[in-house]
Amino acid sequence: MTRPSRKTLLFTLILIGGLGWMAWAVQQQLRETSPSRGDDATTRPIPVEVAAITHGPIEKQRTFTGTLEAHAEFVVAPKVSGRVEVLNVDLADEVSRRQVVAILDDAEYVQEAARAEADLAVAQASHLEAESLLKITERELERIEKLQSRGLSSESQLDTTRAEQLAKRALVSVTEARVASAQANLETARIRLGYTQVTADWRGGSERRMVAERFVDEGETVTANTALLRIVELDPITAVFSVTERDYADLKSGTQALIATDAYPNETFEGQIQRIAPVFRESTRQARVEIGVANPDRRLKPGMFARATLILDRHQDAIIVPEQALTRRDGLDGLFVIDADADKAVWRPVKPGIRQGDQVEVIGEGLEGRVVVLGQQQLRDGASVRIVERGTAP
């Protein structure tokens, strides 16, 4: 077995010495930078940044995206077929309730009404004739009865006259029915003639709406129930969005909302929840929510993209701190509050509440003054601190 050379032994000793020195240096560094477990008097103050603990209102808000829809819409369609002769309104025009918006060619319907009037006249004439024949038969029956009482007429003559009277009464009833039928046909013809004047007869809502779409032009021939115009109500307007199960439980009718749009980036519009769907769509696992928004100047339009910010909860006088001040110790949420002398940090357990932006409501005892927002990872209860300004090197 060969012995190691002197150079090898020397190199080994130098390496061992260097490693030992490095270990000592690291240990010293850790002692200087780590908080001591001994008495506070021997601890170097730890540099921290602080912020004020404030009191005031705080709101729980959630923002959803959706679309604006018309509060109500009405599709104008004729009840009869015909050629469109006149369209009285066009896209973006205002329309009043029961206004005539289109006129169809009525020549055929005028003729139908005239024919029905003639049929009624014939039926009425037939009825008058039947009544006259009945009167004649009744006078004949009265004469036969007198003769028969004096023995000047046979029983068979009396029976024949009575049968003829019954037949004439039946004829009068038939002609009365024909008159009623002719009157109904005439009324139907007049109604159909009136349908050539197409009106916008929506129910409920405001008295005036706006034409959103026009589907036909003058001169086109349309059938019954063909859509001519779509008329929408723009005041109020409805913001529609969908929510997941996580947010659904926090919503209720009447909740206030602020609506923002890309069309008016510097404005918000007030509204409130009007309807919440009682079911979720299976395909998306979301429920429909509708917000009513006042729109008196009609600047908001259906189809616009909208963001709805809902105020789900509000505390008027809350204790508020920056969210970054929250930290955890032994599984509890808490804060490091700077004591009155501004040289120690005191641990205060808290219960977080409403979060709004980078602020959070906290509930606990002894929450006054200032709170540590940077550097709390190195702190323990009662640790000495040195307050530094934000952005200043410790």
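Residues numbered from 1 in each chain as written. Predicted model: local features only at pLDDT ≥ 70, side-chain atom pairs only at ≥ 80, totals over all residues. Heavy atoms only, no water.

Before going further, it helps to examine the overall build of the chain. Each helix and strand in the chain was counted, giving four helices and 20 strands. Taken across its 394 residues, the chain has 32% of its residues classed as buried. (Helix = DSSP H or I, 4+ residues; strand = E, 2+ residues; numbered from the N terminus. Buried < 20%, exposed > 50% of the residue type's maximum accessible area, 1.4 Å probe, protein only.)

Given a rise of 1.5 Å per residue, 40 residues ought to cover 58 Å, and the 59 Å separating the end C-alpha atoms of helix α3 (residues 155-194) matches this to within 8%. Inspection of α3 places L158, T161, Q165, K168, V172, T175, V179, A182, L186 and A189 among the buried residues, and these make up the whole buried set. (Expected span 1.5 Å × (residues − 1).)

Before going further, it helps to spend a moment on the packing of helix α2 (residues 107-149) against α3. In contact at an axis separation of 7 Å, α2 and α3 are set at 165° when each is read in the N-to-C sense. Classed by the angle they form, the pair α2 and α3 counts as roughly antiparallel. The way α2 lies across α3 gives a crossing that is left-handed. (Axes fitted to C-alpha atoms, helices over the stretch in contact; angles between N-to-C directions. Parallel < 35°, antiparallel > 145°, perpendicular 65-115°, else oblique. Left-handed = near helix turned anticlockwise from the far one by under 90°.)

All chains considered together, the criterion is met by 28 salt bridges. One salt bridge connects R192 with E112, and the closest N-O pair in it is separated by 3.6 Å. Of this pair, R192 sits in helix α3 while E112 sits in helix α2, placing them 80 residues apart in sequence. Relative accessible area serves as the criterion here: at 32%, R192 is assigned to the partly exposed category. (Salt bridge = Lys/Arg side-chain N within 4 Å of Asp/Glu carboxyl O.)

Its location among the elements puts R281 in the loop between β11 (269-276) and β12 (287-293). Judged by its relative accessible area of 38%, R281 falls in the partly exposed class. The spatial distance from the C-alpha of R281 to the C-alpha of S242 is 9.8 Å, given a sequence separation of 39 residues. Among residues more than four places away in sequence, those in contact with R281 are S242, Q286 and R288. Only 3.4 Å separates the side chain of R281 from the side chain of S242, close enough to count as a polar contact. (Contact = heavy atoms within 4.5 Å. Polar contact = N/O pair within 3.5 Å; in protein donor to acceptor, adjacent residues only side chain to side chain.)

Position of T137 relative to the elements: it lies in helix α2. Among the residues examined, T137 registers a relative accessible area of 4% and is labelled buried.

Taking burial as the measure, the seven residues of strand β1 (residues 46-52) include five buried ones, the bulk of the element. Bridge count between β1 and strand β20 (residues 383-387): three bridges; the pairing is parallel. Considered in β20, the bridge of I46 is made with V385. As defined by bridge partners, β1 adjoins strand β19 (residues 370-374) across four bridges and the pair is classed as antiparallel. Bridge pairing in β19 links E49 to L374. (Pairing = 2+ DSSP bridges.)

Counting through the fold element by element, D217 comes out in the loop between β7 (208-214) and β8 (221-222). The class for D217 is partly exposed, based on a relative accessible area of 36%. A C-alpha to C-alpha distance of 7.5 Å links D217 and V84, two positions 133 residues apart in sequence. With near-sequence residues (within four places) excluded, D217 lies in contact with V84 and L87. In this structure the side chain of D217 is engaged in a polar contact, spanning 2.6 Å, whose partner is the side chain of R214.

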